[in-house]
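# Notes for the structure review
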Amino acid sequence: MTLHITPLAAAFGAEVHGLDPTVAPDEEARGELRTAFDNFGVLILRDHVVDRRMQTYLTELVRGEEDLSDEKIATDAARQSSFYISNRIEDAAAPFGRLMWHSDGMWSDHPFEVISLYGEAVEPPVPPTRFASTTRAWNTLPSRLRARVEHASALQVPGPENFAHRRGSDEDGDLVQPVRDKDYSVTKPVASRHPRTGRTILFVSQQMTSHIDGVPSEESEELLNALFEHMYAADNVVEHEWREGDLVVWDNLACQHARPDVKLDSSVRTLRKVGWPLPPMADKQAVGSYRRIGASQ
Ligand SMILES: [Fe+2]
């Protein structure tokens, strides 16, 4: 198997050519995929038929898992067999609305390290998924801003409730709010260390960061806005336009993601999701339902 990794024109992300998803990649190809994943943060494969097992295999592979046996992958795939992002499938996640920038589970001690979405049923054009690099955001952060946050911590919550001042225009669509039976939060360094690569990531987000610790609220919001402006600038963003048969695998800590408004009655947008590693209390953190945050709530 000969892989070709083609960097996107953007500042990060790459497209993978030459992978046959019906066959487990050999050792050399596995190494190439892992290296590409750590270097590019987002890997895109197009025009493939990928089942949930192979999607799970690839998602675990790029995180560096050693045990990729058929039995383990089948078990891990079955544990998340109902994970979908869809405006059609019943009980799917985020069925409508906009999503502000975030990393899944950044309010918990066990956020996914890797997420993948597969375009199972897509009727283009559908709203894209956008990615922003947290490692590049940190590396390019102006020194004046860096000095203000390099030793700071911030409180992370699920959001986006209470962040109305960040949500922009309701004309762009309502935000989607997951409804859980418990409030979650965690305090983490703004300059966090990526657990696998050791690189520094800018760990604040538009949807999930409440405030910077120990700073007056007005100053905290001003500081966060300056960080958001830098991280979500066009030169630090990759946009993926979905087609059926696309597999996108991304580093949930080295990148954040967002999307424009999705309507329940617009074109079919069913993306099969796999996240890894699963948090120990995954079932307890489950989302019960979703509601709208915006003008039409
Ligand atoms: Fe998400």
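Residues numbered from 1 in each chain as written. Predicted model: local features only at pLDDT ≥ 70, side-chain atom pairs only at ≥ 80, totals over all residues. Heavy atoms only, no water.

Further remarks concern the side chain of His257. Here His257 is to be found in strand E16 (residues 255-259). Taking relative accessible area as the criterion, His257 reaches 8% and is therefore assigned buried. Within the local environment of His257, its side chain forms a polar contact with the side chain of Asp104, the two groups lying 2.9 Å apart. Not counting chain neighbours up to four residues away, the residues in contact with His257 comprise Met100, Trp101, His102, Ser103, Asp104, Ile115, Thr129, Arg130, Phe131, Trp250 and Asn252. (Helix = DSSP H or I, 4+ residues; strand = E, 2+ residues; numbered from the N terminus. Buried < 20%, exposed > 50% of the residue type's maximum accessible area, 1.4 Å probe, protein only. Polar contact = N/O pair within 3.5 Å; in protein donor to acceptor, adjacent residues only side chain to side chain. Contact = heavy atoms within 4.5 Å.)

For the rest of this paragraph, the subject is the pattern of salt bridges. All chains considered together, the criterion is met by 16 salt bridges. Residue Asp251 pairs with Arg196 through a salt bridge whose shortest N-O separation is 3.0 Å. Residue Asp251 is located in strand E15 (residues 247-251), and its partner Arg196 is located in the loop between strand E11 (191-193) and strand E12 (200-202); the two are separated by 55 residues in the primary sequence. Overall, Asp251 belongs to the buried group, its relative accessible area being 2%. Accessibility expressed as a relative area gives 24% for Arg196, which makes it partly exposed. One salt bridge in this structure joins Lys263 and Asp261, with 2.8 Å as the shortest N-O distance. Members of the salt-bridge network, linked through shared partners, are Asp38, Arg63, Glu65, Glu113, Arg196 and Asp251. (Salt bridge = Lys/Arg side-chain N within 4 Å of Asp/Glu carboxyl O.)

Okay, empty space enclosed by the protein next. One pass over the full model with this rule turns up 1 cavity of 30 Å³ or more. In this model, the largest cavity occupies a volume close to 50 Å³. What lines the largest cavity is Val16, Leu19, Leu33, Leu43, Leu45, Leu58, Val62 and Val249. Elements that contribute at least two residues to the lining of the largest cavity include exactly strand E3 (42-45) and helix H2 (52-62). (1 Å grid on protein atoms, 1.4 Å probe; cavity = no way out; pocket = protein on both sides within 12 Å on 5 of 7 lines; lining within 4 Å. Points joined across faces, edges and corners; volume = space filled by probe spheres on them.)

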